[in-house]
Amino acid sequence: MAITPSKSGYFFNPSRVSLNNLSANRTRTFVATTHPYSINGQVKDAGNNALSNVTVTLSRAGGAETIVTLTDANGNYSFPNVRPGRYHLAAVVPGVVFT
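Quick notes on the rules
Residues numbered from 1 in each chain as written. Predicted model: local features only at pLDDT ≥ 70, side-chain atom pairs only at ≥ 80, totals over all residues. Heavy atoms only, no water. Helix = DSSP H or I, 4+ residues; strand = E, 2+ residues; numbered from the N terminus. Buried < 20%, exposed > 50% of the residue type's maximum accessible area, 1.4 Å probe, protein only. Contact = heavy atoms within 4.5 Å. Pairing = 2+ DSSP bridges. Axes fitted to C-alpha atoms, helices over the stretch in contact; angles between N-to-C directions. Core = buried A, V, L, I, M, F, W, Y, C linked by side-chain atoms within 4.5 Å. Patch = residues over 30% accessible without salt bridge, like charges linked within 9 Å, V, L, I, M, F, W, Y side chains within 5 Å. Areas by Shrake-Rupley, 256 points an atom, 1.4 Å probe, with all protein chains shown as cover. Salt bridge = Lys/Arg side-chain N within 4 Å of Asp/Glu carboxyl O.

Colleague: Hey, could you run me through the environment of leucine 89 in this one?
Modeller: Mapped onto the elements, leucine 89 comes out in strand E9 (residues 87–92). A relative accessible area of 39% means that leucine 89 is categorised as partly exposed. In this structure, the C-alpha to C-alpha distance between leucine 89 and serine 59, residues 30 residues apart in sequence, is 6.5 Å. Non-local contacts of leucine 89, meaning those with residues more than four positions away in its chain, are made with Val56, Thr57, Leu58, Tyr77 and Phe79.

Below is the structure:
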């Protein structure tokens, strides 16, 4: 007999366990972790030109967590492995106002 745990939004380790000799009670432990999320985007100016080296800040609602990154040469930013929740995203370039 094989047991494969599942729940939407979770990874399990191990992903599957085989049980042999079911003549007695058996116990197996599975560790569940949530799927990581990522937030990605691109910063551009009013002329649709990518902006590099822009400071982008991702703050979890309530201020419990803040992550900072810079845009690359193509204006791209990425926040990998973000936990589910509500966030505020801000881009800052001295002398530039984003709308």
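Text resumes after the structure shown.
Colleague: What should I look at first to understand the sheet that holds E9 in this one?
Modeller: Sheet strands pair by backbone hydrogen bonding; their relative direction is either parallel or antiparallel. The strand order across the open sheet formed by three strands is E7-E6-E9, and the pairing between neighbours is antiparallel. With one partner strand each, in any of the chains shown, strand E7 (66–70) and E9 form the two edges of the open sheet. Strand-to-strand twist in this sheet, taken as the mean axis angle between neighbours without regard to direction, amounts to 15 degrees. Two elements, strand E6 (residues 55–60) and E7, share five bridges in a ladder whose sense is antiparallel. Paired with valine 56 across the strands is threonine 69, a residue of E7.

Colleague: When you look at the nonpolar core in this model, what are you seeing that I'm missing?
Modeller: Proteins that are soluble and globular tend to have nonpolar side chains buried together. Core analysis: the biggest nonpolar cluster contains seven residues, these being Val43, Val54, Val56, Leu58, Tyr77, Phe79 and Val82. At the level of elements, E6 and strand E8 (76–82) are the ones that each hand at least two residues to this core. Contact partners of phenylalanine 79, with chain neighbours within four places excluded, come to Tyr37, Ser38, Ile39, Asn40, Val56, Thr57, Leu58, Ile67, Val68, Thr69 and Leu89.

Colleague: Any chance you could explain the environment of asparagine 81 here in plain terms?
Modeller: Mapped onto the fold, asparagine 81 is located in strand E8. As for asparagine 81 and tyrosine 10, which are separated by 71 residues in sequence, their C-alpha atoms are 14 Å apart. In contact with asparagine 81, not counting residues within four places along its chain, are Pro36 and Tyr37.

Colleague: How should I be thinking about a nonpolar patch on the surface in this particular structure?
Modeller: Residues Met1, Ile3 and Leu22 make up a contiguous nonpolar surface patch of about 300 Å² in total accessible area. Following the sequence through the fold, isoleucine 3 ends up in strand E1 (residues 2–3). Among the residues examined, isoleucine 3 registers a relative accessible area of 32% and is labelled partly exposed.

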